[in-house]
Amino acid sequence: MTARIVFRISVLVLLLYSAVTQKCPGGGPSERSILGWMLQGHVYDTLLAERPFTCVLKCREDNRCQSLNWVISLLTCEFNNRTKEARPEDFIRNPDRSYYRRDLERVPLGSIQELPAESCDEIKRSEGRAVSGKYWFSTVKSGTSVLAHCNMDTNENWKKINIDPVCFGARDDSYGVFKIKDSGVIYSFKLVYLNGSVSCAPGFYSYWGCHIPSQYKDKTLLTVITFKNNSALMLADYEKLDYGHGCQYYSYYIEGVGVNHPELQFNILPSPMSVFVGQEFHIWFGADLKNCSEDNNSGQTCADVYAWYA
Ligand SMILES: [Ca+2]
Ligand SMILES: [Ca+2]
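Residues numbered from 1 in each chain as written. Chains lettered and ligands numbered in written order. Predicted model: local features only at pLDDT ≥ 70, side-chain atom pairs only at ≥ 80, totals over all residues.

- Labelled according to an unreviewed UniProt entry, the protein chain appears under the name Apple domain-containing protein, originating from Porites evermanni.

### Details of the sheet that holds strand S5 (residues 91-101)
- The sheet built from five strands is open, its strands ordered S1-S5-S3-S4-S2 with antiparallel pairing. Where the open sheet ends on each side, the last strands, each with one partner, are strand S1 (34-39) and strand S2 (43-48). Direction aside, the axes of adjacent strands within the sheet are offset by 45° on average.
- Here strand S3 (residues 67-71) pairs with strand S4 (residues 76-80) via five bridges, running antiparallel. The residue bridging Asn69 from the neighbouring strand is Glu78, located in S4.
- Strands in contact with helix H2 (residues 52-60) are S2, S3, S4 and S5; relative to S3, the strand with the most contacts, it is inclined by about 155°. (Pairing = 2+ DSSP bridges. Helix = DSSP H or I, 4+ residues; strand = E, 2+ residues; numbered from the N terminus. Axes fitted to C-alpha atoms, helices over the stretch in contact; angles between N-to-C directions. Contact = placed C-beta atoms within 7 Å.)

### A word on the sheet that holds strand S13 (residues 223-227)
- Overall, antiparallel pairing links the three strands, which are arranged S10-S16-S13 in an open sheet. Every other strand in the sheet has two partners, leaving strand S10 (176-179) and S13 as the edge strands with one partner each. Looking at each pair of strands side by side, their axes are set apart by 25° on average, direction ignored.
- Here five bridges tie S13 to strand S16 (residues 280-285), and the two strands are oriented antiparallel to one another.

### Concerning unusual backbone geometry
- Positive phi outside glycine occurs at Asn230, with the angle close to 70°.
- For Asn230, the location among the structural elements is in the loop between S13 and strand S14 (263-265).
- In this model, Tyr250 sits at a positive phi of 75°, which is unusual for a non-glycine residue.
- Note that Tyr250 resides in the loop between S13 and S14.
- Taking the number of C-beta atoms within 10 Å as the measure of exposure, Tyr250 has 24 and is therefore buried. (Buried ≥ 20, exposed ≤ 12 C-beta atoms within 10 Å, placed from the backbone.)

See below:
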């Protein structure tokens, strides 16, 4: 008698448990379809199906699947590698579609190589909250998925390196110095402008370069990071030709960065660089590094230094 009651209670508890877990996978709220809406621009695959539930099951089998659009008139589903939370700007009305967020075992964005994120901020939006650490990104090197560090408190992949501002002048080997605080692997550097300016000739002041197009063409940036031995890190496509002044070496162009841009974000290094605690780097004005036409140069730029750690 007692055994039969215990058995009945166990069955009841099991049924209740399965009902709860089906409604609330992972303890979170269940995702119902949102009729008349779709996520645009993130479709990685499609499938002909007679009913949306077939698509929901298929979505659960693919790590990339974050959500899907059901196309009512075509009996087709579009699998998305993003959710509407990650890309609210792409969530739009569409009378012929319904949107479903993946209900079970959705893989967090950026947590696996097949599902790289575009930024730390995107991960935070997608997952609601996220801890600082390593995630996969598609934006470090085009065409490949690369592991990189996210500081979720600052929403950035960048770690600040200096404490006091790092300042560099334009003549007399007045380079700036910074030293690495954390060992690791670095993809790139950026300098964030604080104050001052440098000039390559009287009247030609700027934060990072020399705006004399006749001399430098479009390669007017001249701020260079070097090792302690003053050999330059390959953080930009440096000019190799000399147009007669001898100054063009170490001048360069970076898309979207002018000589007075508040952030000088360099290119990704050709291969990631290991650094150690205390390792010294220098920041040079290119003309000063080349000892080229220094006499009429002047000024000083101060900046914060950030590194993108793997
Ligand atoms: Ca010099
Ligand atoms: Ca000069």
